[in-house]
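# Per-entry structural report
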Amino acid sequence: MKWPIRNLLNPVSTRTLLYGTDPFDTEYVLQKIDQIKVMSGKQIKEVWFSEWERKAARYIEYAKKAEEKGNTISAEKYNMLTAQCYYACYMINTDDIDQKREVYEKLEFYYSKTVSLRKNKIEFVEIEMEGGKLPAYIHFPDDGKSVDKYPVVVTYSGIGSCKEELDMLALPLLERGVAVLTIDMPGTGSALFKYDRKCRGDHLELAFDAIFAYLESRNDIDSDRIANFGLCMGGGYAFRASAKRKNCRCCVSLFPLFINMAEMGSIPIWMKRGKWSTYQYGFEETDNGDEQFLEKMAYITEGTVDCDFFLIHSADDNWMSTEASLSFLEKANGYKESLEIDEKPAFVSEETIMHAMPVGEQFHWVKHIAADFIAERLLTK
């Protein structure tokens, strides 16, 4: 039973590694999972949460000691390690909404401590939208004073994610000299837990309008140099955002998921039914609740993109067919490129192969191609 139990956590392990969680920490916790004798979802969760909590406690202590001594570099690193521990916990699917909220608040808190210690300017903002707010960070590539107006990339992730996860999209862009907006879209992070914004087509449409109105209101952002960049469902959001705001410079969709076009049989049941999915989507937990959700999500596929468009996809994406992914190239009217990732994912099993895996495993090198595509278009007037 050793490997089958571990394999149940393949999607979670992949996401934690994608976020930068230490691979040795991950392996240590997985070895604790291996010691479970009975296939028990409850016991797997208990071991996973308790072991990551134990590691987080150690890093919190190291961060405190570093802060007391004024060692800000170490303090930043230990706070990020703590945030990554809680991120690993947040990736576990559970119908205990209070537990989800508690874990997320810890992740949010220690990530906020992390960014407060970084050398570049990072500003926490809350973008007003109808019915609530969208908490976000604006990351500047430097102290925020080197130019009058910065080009900016709006980054998007999908369901079950948060603005803290988008740190991984922001870093390669910051290295290339552009500002980045990482945001809790409806259905994610504090937009969900604090402001009750749901992952529904109508809420998402309002969010796109609010984001661009906010960026245009800032004196330090060049509203003529905006790009959209997302992965998974966020790749679909990037497409729709670019279709709505025609004068964006470019759009990059990394393994996009347009969930209303996906093969429903391949989508895990926890994404379609249960307390957690119902809480994120905002539909009633009824027999046709998921149909209501999919109907509203059809908004995301509407429109055409006029800016430069880069689509990155995989034949091993078992949610979106290659044909479905490539159909969005046909909806791009300007310059366009596509890149098919042909490497087979390693973290798979018959029970757990998931759309997120090619994203997680290939992102370490794909991110530079995507970031270069964006930078080439934003760093010119």
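Residues numbered from 1 in each chain as written. Predicted model: local features only at pLDDT ≥ 70, side-chain atom pairs only at ≥ 80, totals over all residues. Heavy atoms only, no water.

## Structural notes on the side chain of Gln 280
Inspection of the secondary structure puts Gln 280 in helix H11 (residues 275-281). In this view, Gln 280 contacts Ile 159, Gly 160, Gly 187, Leu 192, Lys 198 and Cys 199; residues no more than four positions away in its chain are not counted. (Helix = DSSP H or I, 4+ residues; strand = E, 2+ residues; numbered from the N terminus. Contact = heavy atoms within 4.5 Å.)

## Comments concerning the pattern of salt bridges
Within this structure, the stated rule accounts for 28 salt bridges. We note a salt bridge from Glu 205 to Arg 240, for which the minimum N-O separation is 2.8 Å. Remark: Arg 240 occurs in helix H10 (residues 233-244) and Glu 205 occurs in helix H9 (residues 201-217); sequence separation between them is 35 residues. Neither Glu 205 nor Arg 240 differs from the other in exposure class; each is buried. (Salt bridge = Lys/Arg side-chain N within 4 Å of Asp/Glu carboxyl O. Buried < 20%, exposed > 50% of the residue type's maximum accessible area, 1.4 Å probe, protein only.)

## Here we look at the packing of helix H4 (residues 41-68) against helix H6 (residues 97-116)
Contact geometry of H4 with H6 gives a least axis separation of 13 Å together with a crossing angle of 25 degrees. It follows that H4 is roughly parallel to H6 by the angle criterion. The way H4 lies across H6 gives a crossing that is left-handed. For the pair H4 and H6, contact is made by Phe 49, Glu 53, Ile 60 and Glu 67 and by Gln 99, Val 103, Lys 106, Tyr 110 and Lys 113, respectively. Of the residues contributing to the contact of H4 with H6, the split by class is four nonpolar, one polar and four charged. (Axes fitted to C-alpha atoms, helices over the stretch in contact; angles between N-to-C directions. Parallel < 35°, antiparallel > 145°, perpendicular 65-115°, else oblique. Left-handed = near helix turned anticlockwise from the far one by under 90°. Nonpolar A, V, L, I, M, F, W, Y, C, P; charged D, E, K, R; others polar.)

## So, the environment of Gly 160
Structurally, Gly 160 is set in the loop between strand E3 (150-156) and helix H7 (167-174). Using a relative accessible area of 16% as the deciding quantity, one classes Gly 160 as buried. With 68 residues separating them along the chain, Gly 160 and Ile 92 place their C-alpha atoms 9.7 Å apart. Among all residues touching Gly 160, those that are not within four sequence positions of it are Arg 15, Tyr 90, Met 91 and Gln 280.

## Some details on H10
Between its terminal C-alpha atoms H10 stretches 17 Å, which fits the 16 Å expected from twelve residues at 1.5 Å a residue. In terms of residue burial, H10 counts as a mostly covered element, since eleven of its twelve residues are buried. Those residues of H10 lying buried are Met 233, Gly 234, Gly 235, Gly 236, Tyr 237, Ala 238, Phe 239, Arg 240, Ala 241, Ser 242 and Ala 243. (Expected span 1.5 Å × (residues − 1).)

Purely spatial values, then, with no claim about function.
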